[in-house]
Amino acid sequence: MLRDITLGQYYPVDSVLHRMDPRTKLFGTMAYIVSLFIADHLLAYVAATIFLVIAIRMSKVPVKFMVRGLKSVVVLLLISVSFNLFLTPGTPIFKIGFIQMTWEGVEFAAFMAIRLIYLVLGSTILTLTTTPNQLTDGLEKSLGFLGKVGVPVHEVSMMMSIALRFIPILIEETDKIMKAQMARGADFESGNLIQKAKAMVPLLVPLFISAFRRATDLAMAMEARCYRGGDGRTKMKPLRYEARDRMAYAFYLGYFVVIIAIKVLL
Amino acid sequence: MGIIRAVNLIFDYIRHDDEQDKDEINHALRGVSLDIEEGSFVAILGHNGSGKSTFAKLMNGILLPTDGTVYISNMKTSDEEHLWEVRKTAGMVFQNPDNQIIGNVVEEDVGFGPENIGVPTEEIWERVDKSLEAVGMTAYRLQSPNKLSGGQKQRVAIAGVMAMKPRCIVLDEPTAMLDPNGRREVIKTVQELNKQEGITVLLITHYMEEVIEADRVVVMDDGQIVMDGTPKEVFSRVSELKEYRLDVPQVTELADELKAAGMDLPDGILTIDELVDRLVPILKEERA
Ligand SMILES: Nc1ncnc2c1ncn2[C@@H]1O[C@H](COP(=O)(O)OP(=O)(O)O)[C@@H](O)[C@H]1O
Ligand SMILES: [Mg+2]
């Protein structure tokens, strides 16, 4: 059962967004999040909504998959909405004891909620349309400039992509060790927290030993295939901007002009 | 002179024991010399701990000899400036199929080696296509390696080595973790590469059936080469092989027992057909 877990939440369909360069999507997501924090006028939120609807339509991912991502922030959403609702000073709507609700509070809470929901939806679109591998590639390439100031960008991205390859293997292995221990009478389910934690020790020890062995083997295999870091390395699948990426950047620019104009003029 | 030349190889593993503050020395290789001809298929046999893996790792500079020299197409593995050329020339396939695949997609893993040595993008694609074709894994090129069988994973690993255009491949027990089907699959692939592409093969194994078709069999014991010859020559010395804790193919063993019981059979029978051909006339004669 453990091996059914899929990494990330990539939704495999063929759409313009899926085919877009990961850098374009990363930049777009970032720009969108920034725009949400700049926005403080109703019109700006209208613009943000249009942006989001266009992106969702272009991704060809069913809306219910997008909404699923929201479940994880429901609690956060409720807390921030109620704080804003009841703790913002201003013209009161009603008052019970020391608790009061204000018109300003309602407005603030509504914008806050929209901001949070849009933020989650925006980043969900990114992960639904981009494989973890493309994401790593995109990050490596767009953060490449950090390499000049000593940040090991290539190494970090190589580590992430190796982790992605080995997580399913290690999950499967955990599953196997667990079954082997259970066959010998180990009990992972009952008891209090401390007992449960103790029961994990015979699981973690063999898992760690095996992970270290794998790491040594893999390092050797990589060396045998002439791996020597990012210098002088070519790419089998280099990232290249296409017409659709240029159009996307033009769209971002237009969107940002609108957001700034609303901010400055209204 | 051969493509692989090992001259008087000595290798010691030195482990420092902190408690007693002294070095623990393990003599893994004690003077191994071997000359392997380009295009040949050489098998290395030996029980656990006889130094086979150590020898393999010396072939492409993963380990450097304590004493002696390894030449790969006349380049010393210990010369820093030749290291990458050596690793390109002598590819290596390891035992555990999971721990040598780096890519998350089959074709990307095959492209990993060429990427490392700076091959231009279009040529990487050509090499990947050709290598996948050579090991018969083209249909799986877009799959995740995790979804493949053990034998298929090893074939991907072989393709990954082939994509670097090596002249020889060293395989360290590539079939040890596979089921019989996977074993056949991998050995067949290696034999084809040897015959069709002329790649020199150094196959380390302890499955006797995989050795029968080799051009040459080398037996190692306790860090030394103790037997060297054609499969026929080596397997005709059944009692000696048993001393080195090695099995012989079942047919060979049967023939050897029959011979000991007084039948007129030659040494070094390797296949069932061969034994049948020899036995039939003898039995006919006895009946007459
Ligand atoms: N990393 C190591 N550290 C110390 N000793 C080792 C190491 N690897 C192998 N040995 C020792 O070297 C000898 C040869 O091992 P190896 O080359 O792995 O043999 P084989 O592959 O034939 O089983 C063995 O005695 C083994 O215990
Ligand atoms: Mg070994």
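Residues numbered from 1 in each chain as written. Chains lettered and ligands numbered in written order. Predicted model: local features only at pLDDT ≥ 70, side-chain atom pairs only at ≥ 80, totals over all residues. Heavy atoms only, no water.

## Thoughts on the interface of chain A and chain B
- Facing 28 residues of chain A, the contacting portion of chain B comprises 37 residues.
- It is R165, R225 and M236 of chain A in chain A that bury the most area against chain B; as a group they hold 31% of the surface buried on that side.
- At the surface where chain A touches chain B, the tally comes to six salt bridges.
- Ionic pairing is found between R165 of chain A and D98 of chain B, a salt bridge with its closest N-O pair at 3.9 Å.
- For the interface between chain A and chain B, the tally reads 21 residue pairs in polar contact (both at pLDDT 80 or more).
- Looking at the side of chain A that touches chain B, the elements that each hand over two or more residues are α8 (153–183) and α9 (193–224) of chain A.
- A class-by-class count of the residues in the side of chain A that touches chain B yields 15 nonpolar, four polar and nine charged. (Contact = heavy atoms within 4.5 Å. Buried area = accessible area lost by both parts, 1.4 Å probe. Salt bridge = Lys/Arg side-chain N within 4 Å of Asp/Glu carboxyl O. Polar contact = N/O pair within 3.5 Å; in protein donor to acceptor, adjacent residues only side chain to side chain. Helix = DSSP H or I, 4+ residues; strand = E, 2+ residues; numbered from the N terminus. Nonpolar A, V, L, I, M, F, W, Y, C, P; charged D, E, K, R; others polar.)

## Focus on the domain arrangement of chain B
- For chain B, the assigned domains read domain 1 (39–64 + 74–231) and domain 2 (249–288).
- Distance between the C-alpha centres of domain 1 of chain B and domain 2 of chain B: 36 Å. (Domains from an automatic or database assignment.)

## So, the site of ligand 1
Residue and element names in this part refer to chain B.
- Around ligand 1 sit Y13, N26, A28, H47, N48, G49, S50, G51, K52, S53 and T54, and that is every residue in its neighbourhood.
- Contacts to ligand 1 include S53, whose side-chain N or O atom sits 2.7 Å from an oxygen atom.
- One of the side-chain nitrogen or oxygen atoms of T54 is found 2.5 Å away from an oxygen atom of ligand 1.
- Computed on the free molecule, ligand 1 has an accessible area of 560 Å², of which 65% lies beneath the protein chains in the complex. (Near = heavy atom within 4 Å. Areas by Shrake-Rupley, 256 points an atom, 1.4 Å probe, with all protein chains shown as cover.)

## Digging into the nonpolar core
Residues and elements named next belong to chain B.
- Counting 50 residues, the largest nonpolar core has L45, I158, I169, L171, V219, F235 and L241 as its most contacted members.
- Broken down by element, this core gets its largest block of residues, six residues, from helix α5 (residues 150–162).
- In contact with F235, not counting residues within four places along its chain, are L45, M208, V211, L241, V248, P249, T252, G268 and L270.
- Within the second largest apolar cluster, 34 residues are counted, among which are I3, A6, A56 and M220. (Core = buried A, V, L, I, M, F, W, Y, C linked by side-chain atoms within 4.5 Å. Buried < 20%, exposed > 50% of the residue type's maximum accessible area, 1.4 Å probe, protein only.)

## Let's talk about the sheet that holds strand β4 (residues 67–72) of chain B
Residue and element names in this part refer to chain B.
- Spatially, the four strands line up as an open sheet ordered β2-β1-β4-β5, and their pairing is antiparallel. The strands lining the two open edges of the sheet, one partner per strand, are β2 (22–36) and β5 (75–76).
- When strand β1 (residues 4–17) meets β2, the two strands line up antiparallel, connected through twelve bridges. Its bridge partner lying in β2, D12 is registered against H27.
- The strands touched by helix α1 (residues 52–59) within the sheet are β1, β2 and β4, with β1 carrying the most contacts at an inclination of about 115°. (Pairing = 2+ DSSP bridges. Axes fitted to C-alpha atoms, helices over the stretch in contact; angles between N-to-C directions.)

## Some points on the confidence of the model for chain A
- Considering every residue of chain A, the mean pLDDT works out to 87; 97% of them sit at 70 or more.
- Note on residues 1–7 of chain A: pLDDT under 50 across the span, and seven contacts to partners over four residues away in sequence or across chains. (pLDDT = per-residue confidence, 0-100.)

## Topic: helix α10 (residues 272–287) of chain B
- For α10 of chain B, which comprises 16 residues, the first-to-last C-alpha distance of 22 Å matches the rise-based estimate of 22 Å (1.5 Å per residue) to within 8%.
- At its buried positions, α10 of chain B is contacted by α9 (250–260) of chain B. (Expected span 1.5 Å × (residues − 1).)

## Some remarks on the layout of surface pockets
- The space that makes up the second largest pocket amounts to roughly 510 Å³.
- Taken together, 22 residues make up the lining of the second largest pocket; nearest its centre are D217 of chain A together with S53, K57, Q95 and D172 of chain B.
- At the level of secondary structure, the elements contributing two or more residues to the lining of the second largest pocket comprise α9 of chain A together with α1 of chain B.
- Here the lining of the second largest pocket gets five residues from one element, more than from any other, and that element is α9 of chain A. (1 Å grid on protein atoms, 1.4 Å probe; cavity = no way out; pocket = protein on both sides within 12 Å on 5 of 7 lines; lining within 4 Å. Points joined across faces, edges and corners; volume = space filled by probe spheres on them.)

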